[in-house]
Structures are given as structure tokens and as C-alpha cells.
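Architecture at a glance
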Amino acid sequence: MNTTLNGQPDTPQKTRSLHVTFSLAKHGIEVAEVLRNPAPARLYEEALAHEKGSAISSTGALIARSGEKTGRSPKDKRVAHHPEVTDDVWWGDVNIEMEPDSFDALQQQAVNYLNTRDRLYVIDAYAGWDPRYRVKVRVICERAYHALFMHNMLIRPNREELADFGEPDYTIYNAGRLAANQELPGVTSSTSVSLCLSRGEFVILGTEYAGEMKKGVFTIMNYIMPKQGVLSMHCSANEGHDGDVSVFFGLSGTGKTTLSADPRRRLIGDDEHCWTDEGVFNIEGGCYAKAIGLDPRAEPEIYNAIRFGAVLENVVYDPVTREVDYHDGSITENTRCSYPIEFIPNARLPCVGGTPKNVIFLTCDAFSVLPPVSKLTPAQAMYHFISGYTAKVAGTEMGVTEPQATFSACFGAPFLVLHPTHYAELLAEKIRATGVQVWLVNTGWTGGPYGEGRRMSLAHTRAIIDAIHDGSLKDQETVTDPTFGVQVPLQCHGVPDEVLIPAKTWADPAAYEEMAQHLAGLFHKNFQAYADQASPEIVAAAPRVGEMA
Ligand SMILES: Nc1ncnc2c1ncn2[C@@H]1O[C@H](COP(=O)(O)OP(=O)(O)OP(=O)(O)O)[C@@H](O)[C@H]1O
Ligand SMILES: O=C([O-])CC(=O)C(=O)O
Ligand SMILES: [Ca+2]
Ligand SMILES: [Mn+2]
């Protein structure tokens, strides 16, 4: 076992001498008890004693409730507009500007509130497995559940690293139980997730959804990595026996976590990575899997990771047996589980890998139009990366209850800080330099749109991924999709031929045609915002509208 992964001292004695007294005076916080990097067992005890709705599941996971907010709140995210960041930030719907005075007031509100608590938790840990790019993150929070979540999601320092930690580069103030002061300019609801890039501070008010914290760290990486020529990516990554790396880009719910947990490959990470001159590294120390409908036969690695130390969020369980009903979405569709990456049996530790051999764009197409797998030219890859098409499925963002078409630049617009073209240019360079093959994989609907067809079988998608990895798909004969222009393999081991061609899965070919044109139109409309910055080759890689073959 890699010692850097095990930040917990071996004996209670050592725990006491290292962790009990810890000063947050530098943050303006003085409370009676500050527990720094407590052991998971201690955090269980704390959660059970102090947090309503906590329980231990039959498999040993800590069950927690996040309260009213059970998904991220992207509309309540703000970025402090300091002059030094003016030219860097992609201002608009994703990075909504906030006056620095408002940010300061929110931070003060959070600090004042944290000061009223009897006891706080601090997690000091790292983001980024490559030592050249590692950043120090401090989480200050009121809830033991949040502390255990970030213990799982960040990279755990060993004892020496913790002793030498010093001052953090970034600090998260989580006062999620307190409503944000809506009187402040720029605060438009009781929820506020705000970021000060210049000072490296992140303030959470009015939401206890834990995912905000991990995506806050990702947002920071999306700011600082491209400035160093490193591409930060909303993707999962894994590695084959001969060291071949695949990255799987995709918006929430498209299959990053599900498909990267693969018994034949070592898991590098499930959600956030960076691509450097040497290869890829995971930003995180853990995974955050969707738990809804989790089936031990279909996803055994994830199912078996739900044990002591894991945090199960917003699941429903039997009050007698403490068995979790993974099919019950009555609290939220976005039930989640976080666990340290080493809970996946074939995790790649440290979580780094070489230069990717395959890049896979995952999309969950609710229109049932995109082929289950296709090959993209470099120009098509750029077009699809900038477009970032998927259907948002219920759950991860508040207010989304049924699939809706969405375009999210770089398959992760909510987390971008710079204009999408910066990330796209970095990816284009990588594709040019490495000749990596880019694939588009539709994990969404087949046989008709949402409501008529059904979700692509996971077994078929896994067979497609296997065929990408064993090299067999690359050499298959292909046909050009008449609308999207992408190369569609005619055969794939483990997938019926007719499933590979979406038009053939529809009862009514004319209805398919119409839907394909509809989606192509949506692509065009969305791309207008980027057309003036894209090369003629990329513009020409757009789907065809009107003049059908
Ligand atoms: N064909 C399929 N391919 C992939 N996932 C599928 C498929 N069919 C159903 N699913 C389900 O879709 C969900 C995919 O979610 P997953 O956790 O992998 O999303 P993600 O891309 O990691 O999103 P996030 O960024 O929110 O973590 C899982 O619940 C999985 O069981
Ligand atoms: O952030 C979350 O809550 C989960 C996630 O990975 C995403 O939405 O991409
Ligand atoms: Ca995931
Ligand atoms: Mn994600």
C-alpha cells in the first residue's frame, strides 16, 4: 500500500498529539474545538452524534443527508471581479461577476457563522497527483459529512506531509447551513457559491450539497492549469495492461465513472484530470459515483466500494436492516457515493498515466440520433469538444427533471474559468502532437427518442469500449453518417449490427431523419457563438442541415 495515500496515523495516541489543537486564527476563526484531518472513524462518530439523518449502511458506509439542495446550484455561482482577473475570465452565465465587496461580505458572513460553532473540521489535503502541479487545499466546515467527503475526494497527505503542510494555496469556507445574505449586490437567492481567484478563496452558503466543494477545486484547477500550458479536463481516465491510457470526456451522467471502472483496466480517476507534456494526472483522490439504480452485477467495482469510509448521500434505506434501496429516488435522483480511489480494486496508484492513446467523448443523446460509436477527424473532434452536446438527465443540477438537450463547452462549461477556446486550443495541440484517435460514444437513447426508445444497453456500450481498447474497432469498415459526417463502424464484437446505425433502430425512418435534422440545427445554433474564433476546417466539420445526401 502506498504510504502517501494513508494520511491517518496508526494509533489513537498519535492521533491525539497531531490533531486536537489546531488554530484557524489566520482565517479569523476561533472556536473551542478544531479537528484537523480526523480519521474516518472519528468523523463517523461526529456525524452520528451531531447530524440528523446520519446512519451507517449495512455495508458500513456513512449515510448523510445534504438537506434541501441535492445537486449543484450553477446559477448561484459567482466570481469576484478583481481587476487582476478581468482579462482572464470568461464572464457570462457560467462565471457571473460579483463585486469584490460582496464577496468579502459573504466571506465575513461565513466566518462569523463558523465562529459561532462549538466545533469545526479542517481537511488539509492536495489536488493534483503530479508533484509539479500539486496544490494545497484547506476545507473548513461545520459538518463531519463534508469533512469525510473531502477526505475522500482530495489526495490524502501522509503524516509527514500533513506536519509540513504549512499554509494552503486555496481555502474553502463551507458555511452551507447558513442562508446567504440576499441584500448583498449580486446575491439573488439564499444559496451562494462564490469564488475569489486572486486570493484563492471559495465560500459556500445556503447549500450543503457536497459536490459543490469538489467542483470548486476543479474550477480553481481550470483557472491555474491552462496558464501553465496544462489542459484541465472534465473526464475520467484509465490504463490498459500495456500502459495505454484512455480519457473519457462527458457531462454529468454520460458514463465517465461507470465506464472508467473496468475490470480489465486500472482506474486513474473518474471525473477530473489534467494533460501535461508527460501524460495525464488525476486531480482527485477519490470518486463520486451516481448511486441511483446501482446494480451489483452491472457495476460491481462501484457497488463494492460502498463500505466503511465511503459516504452515501441522500439514499433511502431500510430503517431496520440499514440496507440501501438504490432504486429509490424519492429524496433525489442524484443519490451519490464518494469513496477513496483505492476502494476500486484495480486503481492506478499514484493516479497518473502516460499520454492518451484514445480520447472518448461520451454523450447521452436523448434524441436517439447519434450512433453508439463513431470516429472523429481532428476537426470534428474540435467541433464536438467546443459544442459539448449531451442531454442533461435528472439529478446533478437542481431543477432538471427530465432529459433536455444541452451544449456545454468542453463537456464541462459550468467549471470553466477561461474562454472555452483556450481549452480547445490546448486539446487541438495535444491531438496534433500525438495523433490520438478521438471517438464519439452515445450512451443515451436508441430505438427512438426519450419516451419512445430506451437507454443504450450498458453491455453494448462496454463492448464498444472493449473494442476500442483491443484495437479491433479501429480497423472496422465504416460508413459516413449522412448528417454528422462521422465515420460509423459497421460491426463491433458484442453489439448487434443494426444497433450501430441509429436510423435502423427507429420504427419510422422519416421520423429519424427529421430528428437528426432537428439536432443538427441545434448544433448550428449553438456553434454560432464560437464560429468567428474557429478555423474553416472546424466550421466545416459541423453536421449538415438541409442539403441531405
Ligand atoms: N449505456 C450506458 N453507458 C453508461 N452509463 C449508463 C448506460 N446506461 C445506463 N447508464 C447509467 O448512467 C449513469 C452514468 O453515470 P456516471 O456516474 O458514469 O456519470 P458521470 O459521467 O460520471 O457524471 P458526473 O460528472 O456527474 O459524475 C450511471 O447511473 C449508469 O448506470
Ligand atoms: O458535481 C457534481 O455534483 C457531480 C459531477 O461530477 C458533475 O456534475 O459533473
Ligand atoms: Ca462521475
Ligand atoms: Mn463531474
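Keep in mind the model is a prediction, meaning the values are calculated, not measured.

Procedures and definitions
- All residue numbers refer to positions counted from 1 along the written sequence of the respective chain.
- Ligands are numbered from 1 and chains lettered from A, in the order in which they are written.
- Predicted model: local features are reported for residues with pLDDT of at least 70 only, side-chain atom pairs are reported and counted for 80 or more only, and whole-chain, interface and lining totals are derived from all residues.
- Water and hydrogen atoms were dropped before computing side-chain values, which therefore reflect all heavy atoms in the structure.
- A pairing counts as a salt bridge when a side-chain nitrogen of Lys or Arg comes within 4 Å of a carboxyl oxygen of Asp or Glu.
- Strands here are runs of E lasting at least two residues and helices are runs of H or I lasting at least four, both read from the DSSP assignment and numbered beginning at the N terminus.
- Each residue is assigned to one of three classes by its accessible area relative to the maximum for its type, calculated with a 1.4 Å probe on protein chains only: buried under 20%, partly exposed between the two thresholds, exposed over 50%.
- For Phe, Tyr and Trp, where Trp contributes only its six-membered ring, two rings pair if their centres lie within 6.5 Å, and the inter-plane angle classes them as stacked under 30 degrees, edge-to-face over 60, or tilted in between.
- Pairs of strands are assigned from DSSP output, requiring at least two bridges between the strands.
- The rule for donors is simple: N, O or S, within 2.8 Å of the metal, or within 3.2 Å if the metal is Na, K or Ca. Water isn't counted, so a site may look like it is missing partners.
- Here a helix's expected span is defined as the number of its residues, less one, multiplied by 1.5 Å.
- On a range of 0 to 100, pLDDT expresses the predictor's confidence in each residue.
- Should any heavy atoms of two residues lie within 4.5 Å, those residues are considered in contact.
- UniProt positions are given in the numbering used here, feature names are shortened, and annotations may be inferred rather than shown by experiment.
- Segment limits for the domains were obtained from an automatic or database-derived domain assignment.
- Two parts placed together each lose some accessible area under a 1.4 Å probe, and adding up what both lose gives the buried area.
- Throughout this description, the term nonpolar core refers to a set of buried Ala, Val, Leu, Ile, Met, Phe, Trp, Tyr and Cys residues connected via side-chain atoms within 4.5 Å.
- Nitrogen and oxygen atoms within 3.5 Å of one another constitute a polar contact, given that in protein one can donate a hydrogen and the other can accept it, and given that sequence-neighbouring residues count only through two side-chain atoms.

1. Digging into the pattern of salt bridges
- Here the structure, examined in full by the defined rule, presents 30 salt bridges.
- Of the charged contacts in the structure, one is a salt bridge between Glu-167 and Lys-26, with a shortest N-O distance of 3.2 Å. In this pair, Glu-167 is assigned in the loop between helix H5 (159-163) and strand S8 (170-175) and Lys-26 in the loop between helix H1 (12-19) and strand S1 (33-36), connecting sequence segments 141 residues apart.
- The class for Glu-167 is partly exposed, based on a relative accessible area of 42%.
- Of the residues examined, Lys-26 reaches a relative accessible area of 69% and is grouped as exposed.
- A salt bridge links Glu-284 to Lys-214; the nearest nitrogen and oxygen atoms lie 3.1 Å apart. On the criterion of sequence distance, the pair formed by Glu-284 in the loop between strand S15 (280-282) and strand S16 (286-290) and Lys-214 in helix H6 (residues 211-227) is long-range, its members being 70 residues apart. Of the two residues, Glu-284 and Lys-214, neither departs from the other in class, the shared state being buried.
- Shared partners join several salt bridges into a network, and the residues in it are Glu-51, Arg-117, Glu-142, Arg-143, Arg-177 and Glu-208.

2. Some words on the packing of aromatic side chains
- For the structure on display, the rule yields 22 aromatic pairs.
- Taking the centre distance of 6.3 Å and the plane angle of 40 degrees together, the rings of Tyr-209 and Tyr-288 count as tilted. Here Tyr-209 is found in the loop between strand S10 (201-205) and H6, whereas its partner Tyr-288 is found in strand S16, with 79 residues between them in sequence.
- A relative accessible area of 3% places Tyr-209 in the buried class.
- Centre to centre, the rings of Phe-361 and Phe-411 are 5.0 Å apart; their planes meet at 50 degrees, and the pair counts as tilted. Of this pair, Phe-361 sits in strand S22 (residues 356-363) while Phe-411 sits in the loop between strand S25 (404-407) and helix H10 (420-434), placing them 50 residues apart in sequence.

3. Details of the sheet that holds strand S3 (residues 62-64)
- One open sheet accounts for five strands, arranged S2-S3-S17-S20-S16; its pairing is mixed. Edge positions in the open sheet fall to strand S2 (55-56) and S16, since each of these has one partner strand only.
- Across three bridges, the pairing between strand S17 (residues 311-313) and strand S20 (residues 336-340) is antiparallel. Bridging across to S20, Leu-312 finds its partner in Cys-337.

4. Section: the coordination of the manganese ion (ligand 4)
- Surrounding the manganese ion (ligand 4) are the protein donor atoms Lys-215 (NZ), His-234 (NE2), Asp-271 (OD) and Asp-271 (OD), at 2.2 to 2.8 Å.
- Counting along the primary sequence, the residues that act as donors to the manganese ion (ligand 4) give the motif K-x18-H-x36-D.
- Here the manganese ion (ligand 4) and the calcium ion (ligand 3) are spaced 5.0 Å apart. Remark: Asp-271 occurs in the loop between strand S13 (266-269) and strand S14 (272-275) and His-234 occurs in strand S11 (residues 231-239); sequence separation between them is 37 residues. Note on accessibility: His-234 and Asp-271 belong to one class, buried.

5. Here's the deal with helix H3 (residues 100-115)
- Over its 16 residues, H3 runs 22 Å from end to end, which matches the ideal 22 Å to within 8%, given 1.5 Å per residue.
- Listing the buried residues of H3 in full gives Ser-102, Phe-103, Leu-106, Gln-107, Gln-109, Ala-110, Val-111, Tyr-113 and Leu-114.

6. Brief notes about the confidence of the model for the protein chain
- For the protein chain, the mean per-residue pLDDT works out to 94, and 94% of the residues sit at or above 70.
- Segment residues 1-20: pLDDT under 50, and 35 contacts once partners within four positions in sequence are set aside and those in other chains are kept.

7. Thoughts on the pairing of strand S7 (residues 135-141)
- The buried fraction of S7 amounts to six of the seven residues, a majority that puts the element mostly inside the structure.
- Examined bridge by bridge, strand S6 (residues 119-127) and S7 share seven bridges and lie antiparallel to one another. From the neighbouring strand, Tyr-126 faces S7, where its bridge partner is Lys-136.
- Both S7 and S8 contribute to a ladder of five bridges, which runs parallel. Within S8, the residue paired with Cys-141 across the bridge is Asn-174.

8. A few points about the UniProt feature "binding site: Mn(2+)" (unreviewed entry) in the protein chain
- On the UniProt side, "binding site: Mn(2+)" (unreviewed entry) is annotated at positions that read Lys-215, His-234 and Asp-271 here. Spatially, the listed residues are clustered: although they cover 57 residues, their C-alpha atoms lie within 10.1 Å of one another.
- When you line up the elements, Lys-215 lands in helix H6.
- Sequence-distant contacts of Lys-215, defined by excluding residues within four places in its chain, comprise Arg-72, His-234, Asp-271, Glu-272 and Phe-415.
- We classify Asp-271 as buried; its relative accessible area is 8%.
- In contact with Asp-271, other than residues within four places in its own chain, are Lys-214, Lys-215, Met-233, His-234, Cys-235, Ser-236, Lys-256 and Glu-284.

9. Some words on the domain arrangement of the protein chain
- Domains assigned within the protein chain are domain 1 (25-227) and domain 2 (231-285 + 350-540).
- Each of domain 1 and domain 2 has a C-alpha centre, and these two points are 30 Å apart.
- Listed as interface residues are 37 residues of domain 1 and, on the opposing side, 32 residues of domain 2.
- Roughly 2,900 Å² is buried in total at the junction of domain 1 and domain 2, and carbon and sulfur atoms are behind 60% of that figure.

10. Focus: the nonpolar core
- Of all hydrophobic cores here, the largest spans 136 residues; its most connected members are Tyr-339, Phe-361 and Phe-385.
- Among the elements that make up this core, the one with the highest residue count is H6 (eight residues).
- A domain split of this core shows at least three residues from each of domain 1 (25-227) and domain 2 (231-285 + 350-540).
- Ile-29, Ile-140, Leu-184 and Val-187 belong to the second-largest nonpolar core, a separate cluster that totals 23 residues.

11. Quick word on helix H11 (residues 458-469)
- Under the 1.5 Å per step criterion, the end-to-end length of H11 is 16 Å for twelve residues, consistent within 8% with the ideal 16 Å.
- Residues of H11 that are buried: Thr-461, Ala-463, Ile-464, Ile-465, Ala-467, Ile-468 and His-469.
- Its buried side turned inward, H11 meets S11, strand S12 (245-249), helix H7 (256-260), S22, strand S23 (373-376) and strand S26 (437-442).
- A side-chain oxygen of the first residue of H11 lies 3.2 Å from the backbone nitrogen of Ala-459; this N-cap is Ser-457.
- Gly-471 sits one or two residues past H11 and shows a positive phi near 85 degrees.

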